[in-house]
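Results of the structural survey
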Amino acid sequence: MLKSAANGAEPKGTSAQEAPAGPNTGLTPQSIHADALRRARLKPDAEGSLVYHGATSIFNNDLLSTSENFQNPTQSLYAESNFEQVMDHFGIRLSDDAVLNALKQFFRWQYPHFMFVYREAFLRDHFGERKGCKYWSSALLLSVCALGLLMSETEEERNLSAQFFHAAESIVMVSGLSRPSIPTVQSFLCLAFFEIGRGNVSKGWAFSGIAFRMAQDLGFQSDPLHWVPQDSTLITSEDVEVRRRIYWGCYISDKQISLILGRPVQLAFDSAEVDLLEFIPDGPEMEHWRPAGFFDDVNDIRNPSNIPYLKEQIRLYRIVENMMATIFSPRTPRTQTDISTRQSVLDNLNLELLKWRDSLPPFAKWNKWAPGVITPAVATL
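Conventions adopted
- Residues numbered from 1 in each chain as written.
- Predicted model: local features only at pLDDT ≥ 70, side-chain atom pairs only at ≥ 80, totals over all residues.
- Heavy atoms only, no water.
- Helix = DSSP H or I, 4+ residues; strand = E, 2+ residues; numbered from the N terminus.
- Buried < 20%, exposed > 50% of the residue type's maximum accessible area, 1.4 Å probe, protein only.
- Contact = heavy atoms within 4.5 Å.
- Areas by Shrake-Rupley, 256 points an atom, 1.4 Å probe, with all protein chains shown as cover.
- Salt bridge = Lys/Arg side-chain N within 4 Å of Asp/Glu carboxyl O.
- Expected span 1.5 Å × (residues − 1).
- Patch = residues over 30% accessible without salt bridge, like charges linked within 9 Å, V, L, I, M, F, W, Y side chains within 5 Å.
- Axes fitted to C-alpha atoms, helices over the stretch in contact; angles between N-to-C directions.
- Parallel < 35°, antiparallel > 145°, perpendicular 65-115°, else oblique.
- Nonpolar A, V, L, I, M, F, W, Y, C, P; charged D, E, K, R; others polar.
- Core = buried A, V, L, I, M, F, W, Y, C linked by side-chain atoms within 4.5 Å.
- Phe/Tyr/Trp six-rings, centres within 6.5 Å; stacked < 30°, edge-to-face > 60°.
- Left-handed = near helix turned anticlockwise from the far one by under 90°.

**So, the overall build of the chain**
Looking only at helices and strands, the chain features 14 helices and two strands. The 381 residues of the chain split such that 45% are buried. In the chain, of all internal contacts separated by at least 6 residues, the share reaching a separation of at least 24 is 67%. As displayed, the chain has an accessible area near 20700 Å², and 55% of this comes from carbon and sulfur atoms.

Following this line, the structure appears as structure tokens:
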């Protein structure tokens, strides 16, 4: 046998025709992926909120349904809980000048870093009746105000930020965990950044984890167009865009927090399938709510939108995700081959970062020697 093999002849009994074939299942990666998408669904939980169940979830079995008492769960919007009592306890009134000033400061200076809050929908609900809102809640309002007050020009208003934070925390911890919703995801993420900013790292890390897990619980890791037949709250193109914005905002925030704290990322790019955002210029009603740097110059003819900057952030933080998973992985190189491999990865990451910066559109480029102040939108990059 060895001689025949050495001469290039096929050993007896091992020809291609005689080799036993493996089981032909007919499955391909494409068919498996399509089947997984088909099996994934949104189903009401015990509180009536629509939550995500992937292909392997045991709750996809109708025998294990938890929703017998909720015939129309998609109409169950964010429920306020003891809002007035909490506001009175912390001495906060919606009519206070501090609330309006906080909102103005937030959207002028911080909004490019917090674009998981959909400004247009939030403000429309806030200045509306504030009843049955999909994109506004008292906890979200107070969370945004807590951040915005940090940018106030007066020390008196800056000192109110902790008061607004504790009010938001009181509401969201009582009513938010049992009833996941868009405003609750946004609230927890705002509170996470607030806590990390003042040094309460463990609490901020925990709040961000709740936000990311809740976003996955609501199915935001799948493009919202998949859920149109199952979720009757997806009515307009804005509803679709809001959910995409929240997912990508969570994705970016996850990488920022992991990078700042030197910890593993939670939301992997390859674990989601969400389309990129549409370019939607700011309407005239947003004139007084644009971030600093947009139309501050009367000769500025750019389209007033933060979306191009957000897309560049997504590109950047994909590189950061790769960096955190390789270069800064806790796994220590054990051999010379491991060290060489890591050096090669480092070189590739440096090349990717240089390509990213060189490919930035002109409006997003910056130079540390250039005169003037970097705008908040450019500062996100």
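**A short note on the pattern of salt bridges**
A side chain with one charge may pair with a side chain of the opposite charge, provided their charged atoms come close. Applying the stated criterion to the full structure yields 12 salt bridges. Of the charged contacts, one joins D223 and R244 as a salt bridge, the two residues approaching to 2.8 Å between their closest N and O atoms. Within this pair, whereas D223 is found in the loop between α10 (201–217) and α11 (237–261), its partner R244 is found in helix α11, the two being separated by 21 residues in sequence. Overall, the relative accessible area of 6% leaves R244 in the buried class. Through salt bridges with shared partners, a single network forms among E169, E195, R198 and K203.

**Things to note about the side chain of S187**
Take S187: it is sitting in helix α9 (residues 182–197). We classify S187 as buried; its relative accessible area is 0%. With residues near it in sequence (within four places) discarded, S187 still touches S137, A139, L140, S143 and V172.

**Focus: unusual backbone geometry**
The phi dihedral of R130 falls on the positive side, at around 60°, and the residue is not glycine. Along the chain, R130 turns up in the loop between α5 (119–126) and α6 (138–149). On the basis of relative accessible area, R130 is assigned to the partly exposed category, the value being 31%.

**A look at α10**
Look at α10: 24 Å from first C-alpha to last across 17 residues, which is about the 24 Å you get at 1.5 Å a residue. Turning to α10, its buried residues are G204, F207, S208, G209, A211, F212, M214 and A215. Taken together, the buried residues of α10 touch α8 (161–176), α9 and α11. Phi for G219, located one or two positions after α10, is positive at around 85°.

**Here we look at a nonpolar patch on the surface**
A surface patch of nonpolar side chains, about 260 Å² in accessible area, is lined by W109, L150 and M151. Here L150 shows up in the loop between α6 and α7 (155–158). L150 sits in the partly exposed class, given a relative accessible area of 40%.

**Some remarks on the packing of helix α4 (residues 97–110) against α6**
Look at α4 against α6: their axes get within 7 Å of each other, and the N-to-C directions meet at 70°. When the interaxial angle is binned, α4 and α6 end up roughly perpendicular. Contact residues: α4 offers A98, V99, A102, L103, Q105, F106 and Q110, while α6 offers L141, V144, C145, L147, G148 and L149. A per-class count over the contact of α4 with α6 returns 10 nonpolar, three polar and no charged.

**A word on the environment of G54**
Summarising the element assignment, G54 is placed in the loop between β2 (50–53) and α3 (83–89). In sequence terms G54 and G219 are 165 residues apart; their C-alpha atoms lie 9.0 Å from each other. Beyond its immediate stretch of four places on either side in the chain, G54 contacts A40 and N60.

**Quick look at the environment of L276**
Tracing the chain through its elements places L276 in the loop between α11 and α12 (307–326). A C-alpha to C-alpha distance of 9.2 Å links L276 and E241, two positions 35 residues apart in sequence. Setting aside its immediate chain neighbours within four residues, L276 contacts R244, W248 and I314.

**Examining the side chain of S222**
Assignment of secondary structure puts S222 in the loop between α10 and α11. Take S222: its relative accessible area is 9%, and that puts it in the buried class. If sequence neighbours within four positions are ignored, S222 has contacts with Y52, W227, E273 and V274.

**Here we look at the nonpolar core**
With 85 residues, the main nonpolar core has L103, F107, F122, L142, F164, V185 and C250 as its most contacted residues. Residues within four places of L142 in sequence aside, it is in contact with M87, I92, F164, A167, A168 and I171. Of all hydrophobic cores here, the second largest spans six residues; its members include L42, L50, W227 and V240.

**What about the packing of aromatic side chains?**
Under the defined criterion, the tally for this structure stands at 16 aromatic pairs. Residues F107 and F122 carry aromatic rings whose centres are separated by 6.2 Å and whose planes lie at 45° to one another, so their mutual orientation is tilted. Highlighted residues: F107 in helix α4 and F122 in helix α5, separated in sequence by 15 residues. Taking the relative accessible area as the measure of exposure, F122 reaches 0% and is therefore buried. Both rings, one in W248 and one in F269, keep their centres 6.0 Å apart while their planes meet at 35°; by these two values the pair is tilted. Placement of the pair is W248 in helix α11 and F269 in the loop between α11 and α12, with a sequence separation of 21 residues.

**Digging into the packing of α11 against α12**
As a packed pair, α11 and α12 sit with axes 9 Å apart at the nearest point and diverge in direction by 45°. The angle between α11 and α12 places the two elements in the oblique class. Where α11 crosses over α12, the two elements pack in a sense that is left-handed. Across the interface between the two elements, R245, W248, Y251, I252, K255, Q256, S258 and L259 of α11 pack against I307, L310, Q313, I314, Y317, R318, V320, E321, M323 and M324 of α12. Considering only residue class, the contact of α11 with α12 consists of 11 nonpolar, three polar and four charged.

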